[in-house]
Amino acid sequence: MLPCSNEITDMMDDMVGCGYKEMYMRQIVDARDAIFAEMCKELKIENHHHIQRCYLNKSHITKEKLIRWLETVCFILDSNAVPLLYAGSEVIERVTELREQKIDDQETIIKLQQTVIEKSSENFQSVKNTVQEELKSYSSVLSKSCSNAFSPKKLEAVVKKVTVTEEMSKNAIVYGLVETEHETLLKKVEEVLAEIGEKPNLTSCSRVGTKRDNAIRPVKITLKSIDHVNQILRNAKMLHTKTGYSGIYICPDRTAEQRKADKRLWEQLKTKRKMEPEKDHRIQNGRIVSSEKDSKPAVSNVG
């Protein structure tokens with residue numbers, strides 16, 4: 001390092017505590033600006049781009065000033081610029097090393113990917129062969145049994161059952177609605193539904209079964225939406241709390257077999273209530289549920 005000492009080099013020494021990058025960059029820039037500012041002032045020029053021989057060769061620019069400027073510039077180069085260049089070359093070498101290492105890693109990754117693809121292809125072919133063999137066996141068995149399993153009569157029966165079930169899912173049955181001569185049935189049903197907050201657009205409404213003395217025929221109502229039917233069924237329990245409607249029940253539409261099963265279940269419920277009056281009994285999800293009063297329900301084994 002040159003044995004240089006002035007206010008500019010002293011300013012650079014004050015930055016020793018700075019970080020590596022910050023120290024060298026600030027030292028070089030601040031020292032450069034300071035020396036250029038001093039020279040421009042002495043040479044009476046606007047900026048350092050005008051520092052040329054013609055301005056330096058003036059009588060008021062003494063040899064001592066020129067030596068001072070040269071010494072300071074050499075100090076800046078020797079103390080800061082050159083170390084920074086060396087550091088930069090190390091960084092470049094490290095970057096080159098990392099780039100080469102990255103290329104090697106990429107080549108390794110590509111080789112591993114090719115290996116995975118080859119193994120996947122082998123496994124896929126093995127699975128494919130197994131599936132093909134299984135499909136052949138299944139196809140052989142299926143071709144023998146299909147003629148019996150999917151006969152026209154059976155298919156017709158299945159389609160009919162699905163169709164009937166879908167149609168019935170849009171129906172609901174109202175029990176206990178008093179039957180009178182020349183009744184306006186639609187108005188009666190709408191009044192019942194209004195008690196549970198429902199005002200649906202009914203597709204049809206009619207009594208079911210043969211009219212008999214001292215017997216109230218149920219009413220089948222049909223709606224456009226299955227969701228609306230389910231909503232009415234959910235709210236139907238509110239009728240038990242309504243004055244004049246506690247004896248009216250709304251249930252899903254059932255097939256003949258389902259109605260027989262429901263009838264047996266209701267008979268079992270009546271028996272259960274007579275035999276165990278100290279408990280609460282009700283039908284829930286197709287089974288009789290019994291519970292102690294003011295306690296959680298338990299599923300009964302009856303039915």
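Residues numbered from 1 in each chain as written. Predicted model: local features only at pLDDT ≥ 70, side-chain atom pairs only at ≥ 80, totals over all residues. Heavy atoms only, no water.

1. Section: the confidence of the model for the protein
Then, in step 1: Here the protein averages 77 in pLDDT, and 78% of its residues register 70 or above.
Then, in step 2: Counted against residues more than four places away or in other chains, residues 15–20, with its pLDDT under 50, gives 9 contacts. (pLDDT = per-residue confidence, 0-100. Contact = heavy atoms within 4.5 Å.)

2. Side note on the sheet that holds strand β1 (residues 171–175)
Then, in step 1: A sheet is described by the order of its strands in space; here 4 strands give the open sequence β2-β3-β1-β4, paired in antiparallel fashion. Of all strands in the sheet, those with a lone pairing partner are β2 (202–207) and β4 (249–252), marking the two edges. When the angles between neighbouring strand axes are averaged without regard to direction, this sheet yields 25°.
Then, in step 2: Sheet topology places β2 next to strand β3 (residues 219–223); 5 bridges connect them, and they run antiparallel. Following the sheet pairing, R207 is matched in β3 by V219.
Then, in step 3: Against the sheet, helix α6 (residues 185–195) engages β2, β3 and β4, with an angle of about 110° to β2. (Pairing = 2+ DSSP bridges. Helix = DSSP H or I, 4+ residues; strand = E, 2+ residues; numbered from the N terminus. Axes fitted to C-alpha atoms, helices over the stretch in contact; angles between N-to-C directions.)

3. Considerations on the pattern of salt bridges
Then, in step 1: Tallied over the entire structure, the rule returns 7 salt bridges.
Then, in step 2: Between K211 and E181 there is a salt bridge, with the nearest N and O atoms lying 2.7 Å from each other. Taken together, the positions of K211 in the loop between β2 and β3 and E181 in the loop between β1 and α6 put the pair 30 residues apart, joining distant regions of the chain.
Then, in step 3: By relative accessible area, which is 45% here, K211 ends up partly exposed.
Then, in step 4: Look at E181 and you get exposed, because its relative accessible area is 56%.
Then, in step 5: The partner of K279 in a salt bridge is E276, with the nearest N and O atoms 3.9 Å apart.
Then, in step 6: Overlapping salt bridges bring together K272, E276, K279 and E292 as one network. (Salt bridge = Lys/Arg side-chain N within 4 Å of Asp/Glu carboxyl O. Buried < 20%, exposed > 50% of the residue type's maximum accessible area, 1.4 Å probe, protein only.)

4. Here we look at the packing of aromatic side chains
Then, in step 1: Tallied over the full model, the rule gives 1 aromatic pair.
Then, in step 2: Plain terms: the ring middles of Y249 and W266 are 6.4 Å apart, the flat faces sit at 70° to each other, and that makes the pair edge-to-face. Of the two residues, Y249 sits in strand β4 while W266 sits in helix α8 (residues 256–275), which places them 17 residues apart along the sequence.
Then, in step 3: Relative accessible area serves as the criterion here: at 39%, W266 is assigned to the partly exposed category. (Phe/Tyr/Trp six-rings, centres within 6.5 Å; stacked < 30°, edge-to-face > 60°.)

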